[in-house]
Amino acid sequence: MRTIPFILLVKCLVIVLAKSSTQQQVENVKNVGCDRQENFEEIFANLEESIASNFTALSERIAKLEKLNETLTMSQESKNKGIISDVPTVCNNSNQHGPIITSCKEPSTSGVFRMQNPNVQVFCEMDSFNGGWLVIQQRVDRTFDFNRSWAEYRDGFGTVGKNDSFWLSLEAVHQITGRGSCELAVEMKEGSGHYKYARYSQFGVAGEDDKYRLTVEGYLKRAGDMLSHHNGMKFSTFDDNNDPGDIKCAQRFGGWWFRQCFLCNLNYPGGGTWHPFTDEEFILSYTRMMIRCE
């Protein structure tokens, strides 16, 4: 916008015109003979009135132009804001999901981090069982829906956090466990708050071409060895059944490594199960699966 310089030009023009008009009138006065000296005061009065009238009219026009300039400026600023607000915000902050790590052995405190390979957001548990654990499943109450599709279990779902329910990603777990030996810890609580855990010295998940087949061995303690029953099973969901039986357990019981249903199922709708720690009256309200790899 260049309206303001134009207004300044108009003001200067008014002054020039006023001076020019004054000089012309003065010349007229000089040409008046002495015999008309008595009319000088009248002529000069008319001159002042003419200048004042013209100046007032031009001042009013300048005021209108200034008002118009202000309106146009505000309108343009409003349009600019609208244009800026419509532009998508691009965030290039690589730490927007937490500091970058290569494994959960690196952090000194529990929290959310961004793993580089695979590129996935993770929660590292550094307080339980001497730390260094990567949480791959967590249920914090009975309301979260674990009855998800194959694609969702493959890619992960939920919000990764200390107090949130989520499933990390079968593909990510496959890549992580495929690089070396990993152990598994399973934590669980039933409705009254009674806590137990189970640990296994070997845990792994095959690739998608093998339907993320489970390897779990070396039960250590303490809630009962229920997961070994599912060793060697392929993962199943309601839209991709790989259970060797005819029951099609995933149609009713969420995604899991079913063997003609289950002895444990942490993704059971409405709460996890781990027999004999739970029965139909004592569904798990809290579950967590964690891996620690060499």
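Small disclaimer: the values here were computed from a predicted structure and weren't measured.

Colleague: Please provide a residue-by-residue account of the pairing of strand S8 (residues 195–205), values included.
Modeller: Bridge count between strand S7 (residues 182–190) and S8: six bridges; the pairing is antiparallel. In the sheet register, Leu-184 faces S8, and the bridge partner there is Tyr-200. Taken together, S7 and the strand that follows it, S8, pair antiparallel across an intervening segment of four residues, in which Gly-193 is found at a positive phi of about 95°. Pairing of S8 with strand S9 (residues 214–222) involves seven bridges; the strand directions are antiparallel. Directly across from Ala-198, in S9, lies its bridge partner Arg-222.

Colleague: An account of the pattern of salt bridges is requested, with residue identities and associated values reported.
Modeller: Applying the stated criterion across every chain, the model contains nine salt bridges. Between Arg-148 and Glu-152 there is a salt bridge, with its nearest N and O atoms 3.1 Å apart. When its relative accessible area of 18% is taken as the criterion, Arg-148 is described as buried. Glu-152 gets classed as partly exposed once you look at its relative accessible area, which sits at 29%. Ionic contacts of the salt-bridge type, sharing partners, join the residues Glu-125, Glu-187 and Arg-288 into one network.

What counts and how
Residues numbered from 1 in each chain as written. Predicted model: local features only at pLDDT ≥ 70, side-chain atom pairs only at ≥ 80, totals over all residues. Heavy atoms only, no water. Pairing = 2+ DSSP bridges. Helix = DSSP H or I, 4+ residues; strand = E, 2+ residues; numbered from the N terminus. Salt bridge = Lys/Arg side-chain N within 4 Å of Asp/Glu carboxyl O. Buried < 20%, exposed > 50% of the residue type's maximum accessible area, 1.4 Å probe, protein only.

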